[in-house]
Amino acid sequence: MYVFIIDEINRGEISKIFGELFYLIDPGKRGKDHKLPSQYQNLIENDDKFGDGFYIPDNVYIIATMNDIDRSAEPIDFAFRRRFTWINVKASDTEDIILNELDEKLKEKAKIKMKNLNRAIIAIDGLDENYQIGASYFLKLLNYLTDEVNEVNEYKKEFNCLWEYHLKPLLREYLSGRAGQEIENELRKLKNEYDSQEVENNNG
């Protein structure tokens, strides 16, 4: 078995990246019976293994990631989408694995803030789970750790830096296109939730 992993696949120009692979990765077009000459076939020697074309074996798997809300990236058309199985990874799905790099107390505070902030994000009209903040953002806390006694300040400086330099600018971009005062009001609400250490009980 062979696995290719492509990160942020929609940031590239799909037609140029895949070329003839667009046809050959289709489940019904795998194997030697579906060999296809490439546009560079004239450069291949006749006695070459791929002299009469190439194919994609059944044991080759392509795993790709993408962010649906990235407006700077190329959209994926439906013909390409049907060649893949799609799994939606939510912000909360990877938090335990990613945040293991933080010490236990900082990790627990980060998880609470992330949950509260993400709950507030999806409450905003026009935003949904795709706009929630992933755990990797909270690893940036490591950039702001100091030798101060955090048992006392409860990492307030670190979380404030994370908000001011990373989260707030991103959230402002999410809210772009709204009236200026509306943006400020929403950011204030989001900051209040971010600062809260209360966890909503979802168990009834």
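Computed from a prediction, not measured in an experiment: that's the story for all the values here.

Undergrad: For this particular structure, what's the right way to read the overall build of the protein?
TA: Of regular secondary structure, the protein possesses 8 helices and 2 strands. Order of helices (α) and strands (β) in the protein, N terminus to C terminus: β-α-α-β-α-α-α-α-α-α. Scaling as 2.2 N^0.38, a compact globule of 204 residues should have a C-alpha radius of gyration of about 17 Å, whereas the protein reaches 23 Å, well beyond that. By its C-alpha atoms, the protein is 75 × 40 × 40 Å across when sized along the principal axes. Within the protein, the proportion of its 204 residues that are buried is 34%. Across the protein, the fraction of contacts at a sequence separation of at least 24, relative to all contacts at a separation of at least 6, is 62%. On the protein, roughly 13400 Å² of surface is accessible, and the fraction owed to carbon and sulfur atoms is 50%.

Undergrad: So what exactly am I meant to see when it comes to a nonpolar patch on the surface here?
TA: Together, Met1, Val3, Ile5, Tyr61 and Ile63 make up a nonpolar patch on the protein surface, roughly 560 Å² of accessible area in all. Put simply, the parts of the chain that give the nonpolar patch at least two residues each are strand S1 (2-6) and strand S2 (60-64). Along the chain, isoleucine 5 falls in strand S1.

Undergrad: In this structure, what is going on with the environment of serine 92? I would like to understand it.
TA: Within the fold, serine 92 resides in the loop between helix H3 (78-81) and helix H4 (95-98). For the pair serine 92 and alanine 135, spaced 43 residues apart in the sequence, the C-alpha separation amounts to 7.5 Å.

Rules behind the numbers
- Residues numbered from 1 in each chain as written.
- Predicted model: local features only at pLDDT ≥ 70, side-chain atom pairs only at ≥ 80, totals over all residues.
- Heavy atoms only, no water.
- Helix = DSSP H or I, 4+ residues; strand = E, 2+ residues; numbered from the N terminus.
- Rg over C-alpha atoms; globule rule 2.2 N^0.38 Å.
- Buried < 20%, exposed > 50% of the residue type's maximum accessible area, 1.4 Å probe, protein only.
- Contact = heavy atoms within 4.5 Å.
- Areas by Shrake-Rupley, 256 points an atom, 1.4 Å probe, with all protein chains shown as cover.
- Patch = residues over 30% accessible without salt bridge, like charges linked within 9 Å, V, L, I, M, F, W, Y side chains within 5 Å.
- Salt bridge = Lys/Arg side-chain N within 4 Å of Asp/Glu carboxyl O.

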